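What the coordinates show
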Amino acid sequence: MTSGTAGAVSAGYGSTLSLQAAVPPATGHLIQRLTPYIRLYGATAADIEENAKLDDLKIFVNCRNPSTIRWNVTAPEDGEYELFISCSVPSSKFQVEVNSGSSSVKSDLKITEGVYQSTEGGLSLNYDRKRLDGRLQLARGITPVTLQVSGTDTSNVIRLRCLEILPASANTAITAAEESARAHRANTDWFVRAGYGVMFHWTDFTQPRDGLKKPYSEAVNAFDVDTFAKLIGDTGAAYVIFTLNHAHPHCPAPIQSWEAIHPGWTTRRDLIGDIADALEERGIRFLLYINSPVLTKLGNVGTTGLYELTFSEERFTEIHKNVLNEIGSRYRDKLAGYWFDSWYQSLAAYPDVPIETIYRYCKVGSPNRITAFNFWIFPVLTPWQDYWAGELYTLQNPFESRYIQKGAGAGFQSHGMVSMLPSWVHSETGPIPPPQFSTTDLIAHVKANMEHQSVTTINIGIYQDGKIEQSSLDMMRQLRRAIREF
């Protein structure tokens, strides 16, 4: 809502699987090849020197002139290597130089732009992924690679998410994989026509309006689906995104593959199916939120800022395959899409996970189902998805086009997710606080996005019984009148 070893390599852009078959082969290894990318994160650096400082969350490095970061890289072959940098740059007065032995690549850094407001606490939130001019010469085996930041700007810092090193010999295969991914993306016309939808973080942390919180399974049994669906109709939302799990691995449905990996966390009642049916009767589409690290039992974030690994990459992929195959087969066209959380962390932990394989299993039961993998504010490191996850939280700059032209989600169907709550989940006792923005601002934001064929998801406060916070509901009713009833 991090990273492999310095020499590790991710199947995001590197594979050339086709979607002509309904699903990948049932036999054999799910990970059939390693990614050609070597992705270097701050948490895997051998040294961080001078004015560079690893962020407390270990997810990026703040670099002020001068700064030096060094990794020990395992190059798979002798030859030339392309360089890609994912970073946030607030000023045009920075340069980077990547060195290995006598080989070096120098490049000026341009100001990064995107949908996020320009700064937060003086630091830019707009990240972009750029190819550096020139190629680095590497010898096969372990070799040091150094990134140096310099420039005339001493008041700002750049934020480095990762440096990617790719053998030039892999360019053709990478280009073919990207073209294949774009060709197989699901049509998002219905999503664009929707204009806006709503999201609910209804979890085992969700509190009631009054009284004591029920155990999760009891809350699932007591959830009033008909009242919930009627309230959704009042909001004018064309779709709902609902949490299957979140901080804990609960699943409000009898999904056997989920129970197998998380015994006791599923429920007898199929609340997911009941909600999907009730919404379908009202012409409202239904999508599921899944937190992948929680689903696959990734451990705590250790001292390096990386997840402690519980399973192999093969097992991580197999868990997704089994769960998505069962869910897709069970709900079929009643399930319109997925929103997978924490993939900037998942891919850093498991760099060789074949996201395209997981993407294919997202289509089981409905080939038109749309999918997004959330990379938060960072550039998306896989072409295998249908729309940008767009975790914005607050009202940010409206999108300028249907397909994002610059910034973290470049190339994908534009979509932003904002929250009325001061957090994503109502986990505190007592009443839900009123929305953190005004009705006027919300209407203006949604309208501006719709004018550019962009989509807005609004996370709304919900109580344990499935009722919506009243002032949030009133605001959504005004949004409905402004958007749907003009």
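Structure shown above.
Residues numbered from 1 in each chain as written. Predicted model: local features only at pLDDT ≥ 70, side-chain atom pairs only at ≥ 80, totals over all residues. Heavy atoms only, no water.

Our next topic: the overall build of the chain. A count of helices and strands for the chain gives 13 helices and 20 strands. Its C-alpha atoms give the chain a radius of gyration of 23 Å, within 12% of the compact-globule value 23 Å for 486 residues. Overall, the C-alpha framework of the chain stretches about 70 × 55 × 40 Å when taken along its three principal axes. By the burial criterion, 62% of the 486 residues in the chain qualify as buried. If you sum the accessible surface of the chain, you get close to 18800 Å²; carbon and sulfur atoms cover 48% of it. Distance between charge centroids for the chain: 3 Å, based on 44 positive and 51 negative side chains. (Helix = DSSP H or I, 4+ residues; strand = E, 2+ residues; numbered from the N terminus. Rg over C-alpha atoms; globule rule 2.2 N^0.38 Å. Buried < 20%, exposed > 50% of the residue type's maximum accessible area, 1.4 Å probe, protein only. Areas by Shrake-Rupley, 256 points an atom, 1.4 Å probe, with all protein chains shown as cover. Lys, Arg positive; Asp, Glu negative; His and termini not counted. Charge placed at Lys NZ, Arg CZ, Asp CG, Glu CD.)

Right, let's talk about the sheet that holds strand 19 (residues 415-419) for a bit. Spatially, 17-16-15-14-13-20-19-18 is the arrangement adopted by the eight strands of the open sheet, whose pairing is parallel. Because the sheet does not close on itself, it has two edges, and the strands there are strand 17 (370-373) and strand 18 (391-393). Taken over all neighbouring pairs, the strand axes of this sheet differ in orientation by 20 degrees on average, direction set aside. Here strand 14 (residues 239-243) runs beside strand 15 (residues 285-291); their pairing, made up of five bridges, is parallel. Considered in strand 15, the bridge of Y239 is made with R285. The strands touched by helix 9 (residues 313-331) within the sheet are strand 15 and strand 16 (337-341), with strand 16 carrying the most contacts at an inclination of about 155 degrees. Across the sheet, helix 13 (residues 470-484) is in contact with strand 13 (196-200) and strand 20 (455-459); its angle to strand 13 comes to roughly 160 degrees. (Pairing = 2+ DSSP bridges. Axes fitted to C-alpha atoms, helices over the stretch in contact; angles between N-to-C directions. Contact = heavy atoms within 4.5 Å.)

Attention shifts here to the side chain of T235. By the secondary structure assignment, T235 is in helix 5 (residues 225-235). A distance of 3.1 Å separates a polar side-chain atom of T235 from the backbone nitrogen of A237. Each residue touching T235, except ones within four places of it in the same chain, is listed here: Y196, V198, L473, M476 and R480. (Polar contact = N/O pair within 3.5 Å; in protein donor to acceptor, adjacent residues only side chain to side chain.)

What follows is about the pattern of salt bridges. Here the structure, examined in full by the defined rule, presents 19 salt bridges. The shortest N-O distance in the salt bridge between E82 and R135 comes to 3.0 Å. You can see E82 sitting in strand 4 (residues 79-88) and its partner R135 sitting in the loop between strand 9 (127-131) and strand 10 (136-138), a full 53 residues away along the chain. Of the residues examined, E82 reaches a relative accessible area of 5% and is grouped as buried. The closest approach of N and O atoms between D234 and R477, which form a salt bridge, is 2.9 Å. Here D234, found in helix 5, pairs with R477, found in helix 13; they are 243 residues apart in sequence, far enough to count as distant. Look at D234 and you get buried, because its relative accessible area is 15%. You can call R477 partly exposed: its relative accessible area is 24%. (Salt bridge = Lys/Arg side-chain N within 4 Å of Asp/Glu carboxyl O.)

Here we take up unusual backbone geometry. Glycine aside, negative phi is the norm for most residues, and most peptide bonds take the trans geometry. Here the bond from N65 into P66 is cis, since omega is -10 degrees, no more than 30 degrees from zero. Within the secondary structure, P66 sits in strand 3 (residues 61-75). If you check the backbone angles, S342 has positive phi at about 70 degrees while not being a glycine. Among the secondary structure elements, S342 is positioned in the loop between strand 16 and helix 10 (343-349). For S342, a relative accessible area of 4% translates into the label buried. A positive phi angle, near 75 degrees, is found at Y393, a position not held by glycine. Among the secondary structure elements, Y393 is positioned in strand 18.

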